[in-house]
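So you can see what is in the structure, the chains are spelled out below.
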Amino acid sequence: MMKKYCWLLAIGLFLISCQKEYTHNQLILQAESLMDVSPEKAEKLLKSIPNPAALSKSDYAAWCLHYTQALYKLDSTILSDSLIRISIHYYAGTSMYKYSGLSYYLLGYIYENQKKNEDAMQALKQAEEISQKTDAYNLLGLVYYQMGYLYSLNEVFDQSLISFRKSQCYFQKARNFKNEAYAFRELANSTDYSKGNTDSVLYYFHRGQLLSLQAGDTANYHDISFSLATALINNGRELPKAKQYLLSAYRFDNNSAYYYNKLSLVYSKLNRSDSAMYFFQRALPDTVSLSDKVSTFFSGAYAEKAKGNYKKAFEYLALYDKYRNSVIVENKRDELYKIDKRYSLIEKIKENDNLKISNRNKIIFISILLVLVLIVLLEMMIVNNSRKKEHAASELEKQKLLSEIEQKRLLLLNKLETRINSTLQFRNLKGKLSTGNVTHDNFMDEMLKQSVMNESEWQSYIDEVNILFNNQLEILSDHFTAITSSDKIVMALILLQLDITDSCTILGLNKNTMYRRRNTIKERLELDKSINLEKWLLDYVG
């Protein structure tokens, strides 16, 4: 009996010793109180603690949590999840839900910055489940905001809308007007991307503007105003108001070049040719990247049209067409580079496997005779494998060389054919203009139409994509006979991993039209609307 009581006493003492508590360290508590108002001071206080790892478990867990939080609030790069995992482990299974939920939220933030989106979403789901047990409304708003952001990256806009709506509601409960403005901004963007009601998009942007002003967040106000202006321009609505929003953001941001192209475009559509040309000329020297060139020369064509200089407009359209094609070629090269990297990785895995086999054989010592036999067999295998590898490498190099030659030949022929056809078409237009058979406005519209490749011109690009993915695109279209040539163009751009904006630019479409075309393709492929078309296609050809 005495032995039984001793065991019960020992268990009781063990359970008491295992009870966890929050920190009582005054420096850490002071840093926590300063976190929202001055994260810089909070970080300095935490860094002033010598050798944090020597603190008690409760103090060290709190230190790791708030030091990571300070770095997060200061937008510092967090290279490792080692510190926050100490907090996660310590608060796991306790009733300290606020700190446990915050730990998982910060882990999700770290994974998101490391582009580990699946791991980030899993951490955020944990943060959501734990934080629901608290009244930490601002934390819940942040959790749902990050979830919405990850959904939008994967173009799962129905889920991103749900998450951003929850985020907005929790920020409203927390009376955090600054964060609520961000939630409304992302609600507007997700609604726009998902082909939602335009009035709803504009309403969300307006609500975000008002809340930003209420919170005194001028930077976000102008950022939202820029997005709102872009939506108005794309829909051809309230162009004078769109111009005012752009000018206000432009002046606030110290005359940033970020706004030049949009300002040039809106002034062109308002028939203000001098202002359109002014901002276009300011944008022109900033054409470093291919995407900058495409955007700038496109706005330049409109600016020259507004000025009545159709010859110059034609020249900028030709440059726009040239660099737009370069974007496609660059993406093809990127894909070939990725294929080469995957091949190198596979070869490295094979080398490691062979090394493991060799090492395992070397430690088998039964007798001198068996060792000699194994050595002979191993040498024979190495010679045989070496010959096979040399032969395989030779064949692979030969096939790769032939493939590159064929791709270059097809690309050259396609470019020559496209340029010949474009030249003939523009000569025909020039002849019509000289004979008076076509007006300047009709001439400009015709040039804009011809700057976008037709379906027959796209066929060579589709063929190259089909070759790149082992004829899987053709097999898919044979299986689903409803697929059209237009559908193949969109599918080819998806397989080349061009984003929505670049695809719209290349095809001369707006985003709403592009999303409708993607949904039509899903129907013809007999897919559910909720399925991510890009992921499905890449998995199919992979």
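The structure presented is a predicted model; accordingly, all values stated were derived computationally and were not measured.

S.K.: What exactly am I supposed to notice about helix α4 (residues 57-73) here?
M.R.: Because each turn of an α-helix spans 3.6 residues, side chains separated by three or four positions in sequence point in the same direction. An ideal rise of 1.5 Å per residue puts 24 Å on 17 residues; α4 measures up with 24 Å between its terminal C-alpha atoms. A large share of α4 lies buried, amounting to 15 of its 17 residues. Among the residues trailing α4, aspartate 75 stands out with phi positive, at a value near 55 degrees.

S.K.: Help me out: how do you make sense of the side chain of glutamine 146 in this one?
M.R.: With respect to the secondary-structure elements, glutamine 146 resides in helix α8 (residues 137-153). Residue classification places glutamine 146 among the buried positions, given a relative accessible area of 12%. What glutamine 146 contacts, discounting residues up to four positions off in sequence, is Tyr105, Glu112 and Leu124.

S.K.: Just checking my understanding: could you explain the nonpolar core for this structure?
M.R.: Considering soluble globular proteins, one finds that nonpolar side chains tend to be buried as a cluster. One finds Trp63, Tyr91, Tyr105 and Leu263 to be the most contacted residues of the largest nonpolar core, which totals 98 residues. Looking at this core, the element that brings in the most residues is α4, giving 10 residues. Non-local contacts of tryptophan 63, meaning those with residues more than four positions away in its chain, are made with Ile28, Leu46, Ile49, Pro52 and Leu83. The next biggest cluster of nonpolar side chains, apart from the first, holds 32 residues, and it includes Ile483, Ile494, Leu496 and Ile521.

S.K.: How do you make sense of the packing of aromatic side chains when you look at a structure like this?
M.R.: In this description, an aromatic ring pair is defined by two values, namely the gap between the centres and the angle between the planes. In this structure the tally under the stated criterion is 22 aromatic pairs. When the ring of tyrosine 90 is compared with that of tyrosine 91, the centres are 5.3 Å apart and the planes differ by 80 degrees; the resulting orientation is edge-to-face. Under the relative-accessibility criterion, tyrosine 91 is labelled buried at 0%. Positioned above the aromatic ring of tyrosine 90, the side-chain terminus of lysine 20 is 5.1 Å from the ring centre.

S.K.: Would you take a moment to explain the pattern of salt bridges for this structure?
M.R.: Pairing between side chains becomes possible if they bear opposite charge and their charged atoms approach one another. Applying the stated criterion to the full structure yields 11 salt bridges. The salt bridge involving arginine 185 is made with aspartate 223; its shortest N-O contact spans 2.6 Å. In this pair, arginine 185 sits in helix α10 (residues 177-193) while aspartate 223 sits in helix α12 (residues 218-235), placing the two residues 38 residues apart along the sequence. Taking the relative accessible area as the measure of exposure, arginine 185 reaches 12% and is therefore buried. Each of Arg185, Glu186 and Asp223 takes part in salt bridges that share partners, so that together they form one network.

Calculation criteria
Residues numbered from 1 in each chain as written. Predicted model: local features only at pLDDT ≥ 70, side-chain atom pairs only at ≥ 80, totals over all residues. Heavy atoms only, no water. Helix = DSSP H or I, 4+ residues; strand = E, 2+ residues; numbered from the N terminus. Expected span 1.5 Å × (residues − 1). Buried < 20%, exposed > 50% of the residue type's maximum accessible area, 1.4 Å probe, protein only. Contact = heavy atoms within 4.5 Å. Core = buried A, V, L, I, M, F, W, Y, C linked by side-chain atoms within 4.5 Å. Phe/Tyr/Trp six-rings, centres within 6.5 Å; stacked < 30°, edge-to-face > 60°. Lys NZ or Arg CZ within 6 Å of the ring centre and 35° of its normal. Salt bridge = Lys/Arg side-chain N within 4 Å of Asp/Glu carboxyl O.

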